[in-house]
Amino acid sequence: AARAVCEPYFTRPLSEVPLGEVLGKLFRTAQRHQLTLQPQLILLQKTLFNIEGVGRQLDPRLDIWAVAQPVLEKILDRARIGIAAEMLGTACQAFDMTLDYLKTRVQFGKVIGSFQALGHRAAAMYSLMEQSRSCVEAALQAVDADADNVPELASLAKCQVGKFLFAMSNELIQIHGGIGMTDEFDAGLYLKRARVLEASFGNRAYHRDRYARLMGF
C-alpha cells in the first residue's frame with residue numbers, strides 16, 4: 001500500500017515532490033490498515049502539518065525545506081563539530097606515533113629526528129595541530145553557550161582539522177618509510193579513517209565556501 005502511494009513520484013526530481021502531500025497519504029494509508037506508527041513519525045507529521053500546535057492544516061505543497069532547514073542545520077553543525085573532534089584525536093595520535101618514531105629510529109648513526117628536513121616537517125605538523133585544536137575548542141565552547149556563531153565555527157573547525165588530518169596522515173606514512181606501507185603497522189588504518197572523516201558532513205572545499213558565505217565574503 002505504501003509503495004502504491006509513493007510510486008507515482010519515483011520518476012520525479014525530489015524538488016518537485018510534494019512531501020507534505022505524500023506524508024499525509026502515507027499516514028492515512030497506515031491508519032486504514034491499523035498500523036502502529038512510531039512516535040518519531042507522529043512528531044514529524046505534526047511538524048509538517050501544524051503550526052505551534054494550533055492544528056491548522058498547511059498547504060500540502062508547503063516548502064518543507066524552508067521549514068526544516070534551520071533545525072537540520074543546527075543538528076548538522078553539531079555533528080560536524082563532533083566529527084572535527086574525532087578528526088583532531090586521530091591526527092594527534094598520528095602525530096604522536098610519528099614523533100616517537102623520529103626520536104627512536106636510527107639511521108647513519110643518528111636518530112632521524114636530528115635531521116633538519118624531518119625536524120622542519122614535524123614542526124609544521126605541530127603548528128597545524130595547535131591551530132586545529134584551537135578551532136575545535138572554540139566550536140565546542142560555542143555549542144555549550146548556544147552562541148550565534150556556531151555555524152561559522154563548525155565550518156572553520158571542520159576545514160582546519162581536515163587540512164591537518166590530511167597532511168598528518170600522509171606524513172605518518174612517508175616518515176615511517178617502508179614500514180608505513182605494511183598492514184601490520186597502523187599507519188594505513190589511520191590513513192583510511194582520515195579519508196572517510198574528511199569527506200563526512202562536507203569536505204574542506206565545501207566548508208571553505210560555506211565559511212566565506214556565512215562571513216559575508
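Residues numbered from 1 in each chain as written. Predicted model: local features only at pLDDT ≥ 70, side-chain atom pairs only at ≥ 80, totals over all residues. Heavy atoms only, no water.

## Side note on the overall build of the protein chain
- Looking only at helices and strands, the protein chain features eight helices and two strands.
- Counting only residues that meet the buried cut, the protein chain has 33% of its 217 residues in that class.
- Of the contacts formed within the protein chain by residues at least 6 apart in sequence, a portion of 67% connects residues at least 24 apart.
- Accessible surface for the protein chain amounts to roughly 13300 Å². Of this, 58% is attributable to carbon and sulfur atoms. (Helix = DSSP H or I, 4+ residues; strand = E, 2+ residues; numbered from the N terminus. Buried < 20%, exposed > 50% of the residue type's maximum accessible area, 1.4 Å probe, protein only. Contact = heavy atoms within 4.5 Å. Areas by Shrake-Rupley, 256 points an atom, 1.4 Å probe, with all protein chains shown as cover.)

## Observations regarding the packing of helix 5 (residues 116–145) against helix 6 (residues 150–176)
- Running from amino to carboxyl end, helix 5 crosses helix 6 at an angle of 155°, the nearest separation of the two axes being 8 Å. Judged by the angle between their axes, helix 5 and helix 6 are roughly antiparallel. Pair helix 5 / helix 6 crosses with left-handed handedness.
- For the contact of helix 5 with helix 6, the per-class residue count stands at 19 nonpolar, four polar and three charged. (Axes fitted to C-alpha atoms, helices over the stretch in contact; angles between N-to-C directions. Parallel < 35°, antiparallel > 145°, perpendicular 65-115°, else oblique. Left-handed = near helix turned anticlockwise from the far one by under 90°. Nonpolar A, V, L, I, M, F, W, Y, C, P; charged D, E, K, R; others polar.)

## Some thoughts on the side chain of R210
- With respect to the helices and strands, the residue R210 is situated in helix 8 (residues 204–214).
- Residue class for R210 comes out buried when judged on its relative accessible area of 5%.
- A polar contact is formed between the side chain of R210 and the side chain of D77, at a distance of 3.0 Å.
- The residues contacting R210, other than those within four sequence positions of it, are E73, D77, R80, P151 and S155. (Polar contact = N/O pair within 3.5 Å; in protein donor to acceptor, adjacent residues only side chain to side chain.)

## A few points about the environment of Q93
- Mapped onto the elements of the fold, Q93 is located in helix 4 (residues 64–104).
- Among the residues examined, Q93 registers a relative accessible area of 35% and is labelled partly exposed.
- Here the alpha-carbon distance between Q93 and S169, two residues 76 residues apart in the chain, equals 10.0 Å.

## Here's the deal with the pattern of salt bridges
- Counted under the stated rule, the structure contains 10 salt bridges.
- With a shortest N-O distance of 3.4 Å, E73 and R80 are connected by a salt bridge. With respect to class, E73 is no different from R80; both count as buried.
- Between R210 and D77 there is a salt bridge, with its nearest N and O atoms 3.0 Å apart. Of the two residues, R210 sits in helix 8 while D77 sits in helix 4, which places them 133 residues apart along the sequence. In this pair, the class of R210 matches that of D77, namely buried.
- One network of salt bridges, in which partners are shared, links E73, D77, R80 and R210. (Salt bridge = Lys/Arg side-chain N within 4 Å of Asp/Glu carboxyl O.)

## Quick word on a nonpolar patch on the surface
- Residues L214, M215 and F217 make up a contiguous nonpolar surface patch of roughly 330 Å² in combined accessible area.
- For L214, the position within the fold is in helix 8. (Patch = residues over 30% accessible without salt bridge, like charges linked within 9 Å, V, L, I, M, F, W, Y side chains within 5 Å.)

## Details of the state of the cysteines
- Applying the stated rule across the entire model yields zero disulfides.
- Unpaired in terms of disulfides, C159 finds its nearest cysteine sulfur in C135, a separation of 8.9 Å. (Disulfide = S-S within 2.5 Å.)

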